[in-house]
Amino acid sequence: MLIDHMAKGLSFESFAGLVSVSKQTLYDWAEANPEFLDSKKIGIEKCRMFWEQLGVEHIVNSDKISLNTGVYVFNMKNRFPEEWKDKKEVDNTHDFKNRPDWLDAAK
């Protein structure tokens, strides 16, 4: 049921409404039941496929399918942030207490 639900482009959390539980219950089920967690993971990929197919359909058939590009991109960035985010986080911290000796010689 979860995979079929998410294959329609719906979120994991919205499945809670379908089965009349809280989203926390879904999280608890996923933590306690490896099969449910696997269904969640498959569902996420099915959800991604739904949204990507919608985007492709719009590109290929833009004369037949109307899609607000800005809304689509916003949706994708929020649903799939790892793949769709614009900026990459870079940790540029340095430990100057443990500098190599050759740096001190350059002074």
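Rules used throughout
- Residues numbered from 1 in each chain as written.
- Predicted model: local features only at pLDDT ≥ 70, side-chain atom pairs only at ≥ 80, totals over all residues.
- Heavy atoms only, no water.
- Helix = DSSP H or I, 4+ residues; strand = E, 2+ residues; numbered from the N terminus.
- Buried < 20%, exposed > 50% of the residue type's maximum accessible area, 1.4 Å probe, protein only.
- Axes fitted to C-alpha atoms, helices over the stretch in contact; angles between N-to-C directions.
- Parallel < 35°, antiparallel > 145°, perpendicular 65-115°, else oblique.
- Left-handed = near helix turned anticlockwise from the far one by under 90°.
- Contact = heavy atoms within 4.5 Å.
- Nonpolar A, V, L, I, M, F, W, Y, C, P; charged D, E, K, R; others polar.
- Arc of directions from axis to C-beta.
- Polar contact = N/O pair within 3.5 Å; in protein donor to acceptor, adjacent residues only side chain to side chain.

Colleague: For the overall build of the chain, give the residues involved together with the corresponding values.
Modeller: In terms of regular secondary structure, the chain is built from seven helices and zero strands. Going from the N terminus to the C terminus, the chain shows its helices and strands as α-α-α-α-α-α-α. A total of 107 residues make up the chain; the buried ones form 20% of that total.

Colleague: Go over the packing of helix 4 (residues 34–60) against helix 5 (residues 69–79) with me, naming the residues and quoting the values.
Modeller: Viewed as axis vectors pointing N to C, helix 4 and helix 5 meet at an angle of 160°, and their least axial separation amounts to 12 Å. For the element pair helix 4 / helix 5, the angle class is roughly antiparallel. Both helix 4 and helix 5 take part in a crossing whose hand is left-handed. Residues Cys-47, Trp-51, Glu-52, Gly-55 and His-58 of helix 4 form the contact with helix 5, whose own contacting residues are Thr-69, Tyr-72, Asn-75, Met-76 and Arg-79. Its residues assigned to classes, the contact of helix 4 with helix 5 shows four nonpolar, four polar and two charged.

Colleague: Can you lay out the packing of helix 3 (residues 23–32) against helix 4 for me, pointing to particular residues and giving the numbers?
Modeller: Helix packing for two helices is described by the angle between their axes and how far apart those axes are. Contact geometry of helix 3 with helix 4 gives a least axis separation of 5 Å together with a crossing angle of 115°. When the axes of helix 3 and helix 4 are compared, the pair comes out roughly perpendicular. Contacts between helix 3 and helix 4 involve Leu-26, Trp-29, Ala-30 and Ala-32 on the former and, on the latter, Pro-34, Phe-36 and Leu-37. Tallied by class, residues from the contact of helix 3 with helix 4 come to seven nonpolar, no polar and no charged.

Colleague: Outline the environment of Gly-43, listing residues and values.
Modeller: Among the secondary structure elements, Gly-43 is positioned in helix 4. A relative accessible area of 0% places Gly-43 in the buried class. Spatially, the C-alpha atom of Gly-43 lies 9.1 Å from that of Leu-10, the residues being 33 residues apart in sequence. Ignoring anything within four residues of it in the chain, the contact list for Gly-43 reads Ile-3 and Met-6.

Colleague: I'd like a description of helix 5, backed by residues and values.
Modeller: Counting along an α-helix, one turn takes 3.6 residues, and residues three or four places apart therefore face a common direction. Of the positions making up helix 5, those classed as buried are Tyr-72, Asn-75 and Met-76. The buried residues of helix 5 occupy one face: seen down the axis, they fall within an arc of 95°. Exposed residues lying more than 90 degrees from the buried face of helix 5 are Val-71, Phe-74 and Asn-78. Against helix 4 and helix 6 (81–84) lie the buried residues of helix 5. Its side-chain oxygen 3.0 Å from the backbone nitrogen of Gly-70, Asn-68 forms the N-cap of helix 5.

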